Amino acid sequence: MPLHVPPAPAPALRSVLAALGSPTAVHEAHTPSLRAIQGPLTAELPLPVHVLDRLGMSALAAGGRPPRTRLTGWRFLIRSGDRYVAAADTRLTPDGWAFSHFFEGPYVAATERALRQAESLGTSYQPRLLSVPELYMLTLWLHGAVGADASAGLPAGEDLLVPLAPAPPGIAPFRPHPVSELLPVLTHRLTPATAPLPPSLAAPAA
């Protein structure tokens with residue numbers, strides 16, 4: 001089933017396109033592959049970036065309410081020809097959405113891979129990114145309410161989270177898990193008495 005990629009705020013997209021059209025912005029970025037590109041660049045697959053706050057204080061593991069999330073930006077994958085070479089982040093300022101920075105690295109390829117896998121799941125989702133700062137973890141958040149406002153909303157228990165690589169030690173990347181299954185396990189990782197991961201979550205032994 002196709003993913004329902006939400007439209008990004010027009011000012012966010014315009015700010016990224018302006019940065020791509022600025023030789024100064026591109027060449028000052030810490031992105032060697034982006035600076036080396038001679039052909040046209042396009043900004044695609046806008047994804048809202050949400051942050052999961054205070055996971056260790058979440059009541060979800062005890063059957064309570066989901067943890068709080070907040071929108072921190074929109075991320076665009078930057079395409080050159082037939083491949084994605086970098087990403088661009090935007091942030092909300094007092095004057096509206098503005099370009100933040102370009103970056104490259106493993107999360108670019110990991111995001112593309114996870115999106116392609118999500119398209120084969122047989123269910124329609126609205127893709128988002130969910131960051132878990134306490135675990136230095138980024139996931140693809142597949143939200144079941146495809147027509148929802150992409151800037152708001154909490155992870156529903158039946159939504160899927162797909163850990164991106166590099167994932168925290170012991171968490172297998174690219175395995176989709178329901179929110180109701182994964183978040184309690186992540187919460188337990190932040191407690192002194194951490195329980196072993198269930199087989200469905202554990203990474204295969206090397």
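Numbers given to residues run from 1 along each chain, matching the order in which its sequence is written. Selection of residues for local features in this predicted model requires a pLDDT of at least 70, selection of side-chain atom pairs for listing and counting requires 80 or more, and totals for whole chains, interfaces and linings are taken over all residues. Only hydrogens and water are removed before side-chain values are computed, so all heavy atoms of the structure are retained for them.

Focus on the nonpolar core
Inclusion rule: Nonpolar core, defined: a set of buried Ala, Val, Leu, Ile, Met, Phe, Trp, Tyr and Cys residues in which side-chain atoms within 4.5 Å join the residues together. Whether a residue is buried, partly exposed or exposed follows from its accessible area with a 1.4 Å probe, protein chains only, as a fraction of its type maximum: under 20%, in between, or over 50%, in that order. We count a stretch as a helix when DSSP gives it H or I for four or more residues in a row; a strand needs E for two or more, and each element gets its number in order from the N terminus. We call two residues contacting when some pair of their heavy atoms lies within 4.5 Å.
With 18 residues, the main nonpolar core has Val16, Leu34, Ile78 and Phe102 as its most contacted residues. Looking at this core, the elements that each hand over two or more residues are helix 1 (10-20), strand 2 (69-80), strand 3 (83-93) and strand 4 (96-103). Of all the elements, helix 1 adds the most residues to this core, at four residues. Leave out the neighbours within four places in its chain, and Val16 touches Ala43, Phe76, Ile78, Ala88, Thr90 and Phe99. One finds Leu3, Leu115, Ala118 and Phe174 within the second-largest nonpolar core, a separate group that totals 16 residues.

Some details on the environment of Tyr84
Let me state the cut-off plainly: Under the rule applied, a polar contact is a pair of N or O atoms within 3.5 Å (in protein, one hydrogen donor and one hydrogen acceptor; residues adjacent in sequence only if both atoms are side-chain atoms).
Among the secondary structure elements, Tyr84 is positioned in strand 3. A residue is classified by how much of its surface remains accessible, and Tyr84, at 13% relative accessible area, is buried. In this structure the side chain of Tyr84 is engaged in a polar contact, spanning 2.9 Å, whose partner is the side chain of Glu44. Only 2.9 Å separates the side chain of Tyr84 from the side chain of Arg79, close enough to count as a polar contact.

Points about the pattern of salt bridges
Our working definition: Should a side-chain nitrogen of Lys or Arg be within 4 Å of a carboxyl oxygen of Asp or Glu, the pair is scored as a salt bridge.
If you walk through the whole model with that rule in mind, you get three salt bridges. Here Glu44 makes a salt bridge to Arg79, at a shortest N to O gap of 2.9 Å. Highlighted residues: Glu44 in strand 1 (residues 42-52) and Arg79 in strand 2, separated in sequence by 35 residues. Take Glu44: its relative accessible area is 24%, and that puts it in the partly exposed class.

Concerning the packing of aromatic side chains
So the rule is basically this: Side-chain rings of Phe, Tyr and Trp (the six-membered ring for Trp) are treated as a pair once their centres are within 6.5 Å; stacked means planes under 30 degrees apart, edge-to-face means over 60, and tilted covers the remaining angles. Whether a charge sits over a ring depends on NZ of Lys or CZ of Arg being within 6 Å of the ring centre and within 35 degrees of the ring normal.
For the coordinates displayed, the defined rule picks out one aromatic pair. Over the aromatic face of Tyr84 sits the side chain of Arg79, whose NZ or CZ is 4.4 Å from the ring centroid. Directly above the aromatic system of Phe174 lies the positively charged group of Arg113, at a separation of 3.9 Å from the ring centroid.

Details of the environment of Phe103
Structurally, the position occupied by Phe103 is in strand 4. Residues Phe103 and Ser33 lie 70 residues apart in sequence; the distance between their C-alpha atoms is 9.8 Å. Excluding residues within four positions of it along the chain, Phe103 makes contact with Thr31, Arg75, Ala86, Ala87, Asp89 and Val108.

Looking at the side chain of Thr139
As for its placement among the helices and strands, Thr139 is situated in strand 6 (residues 137-143). Classification of Thr139 by relative accessible area gives buried; the value is 1%.

Examining the sheet that holds strand 7 (residues 160-163)
Here is the rule we go by: Strand pairing follows a simple DSSP-based rule, namely that at least 2 bridges must link the two strands.
With mixed pairing, eight strands are arranged side by side in an open sheet as 4-3-2-1-5-6-7-8. Where the open sheet ends on each side, the last strands, each with one partner, are strand 4 and strand 8 (177-178). Two strands pair when backbone bridges link them, and strand 6 and strand 7 are joined in this way by four bridges, in the antiparallel orientation. Its bridge partner being in strand 7, Leu140 is matched across the sheet by Val162.

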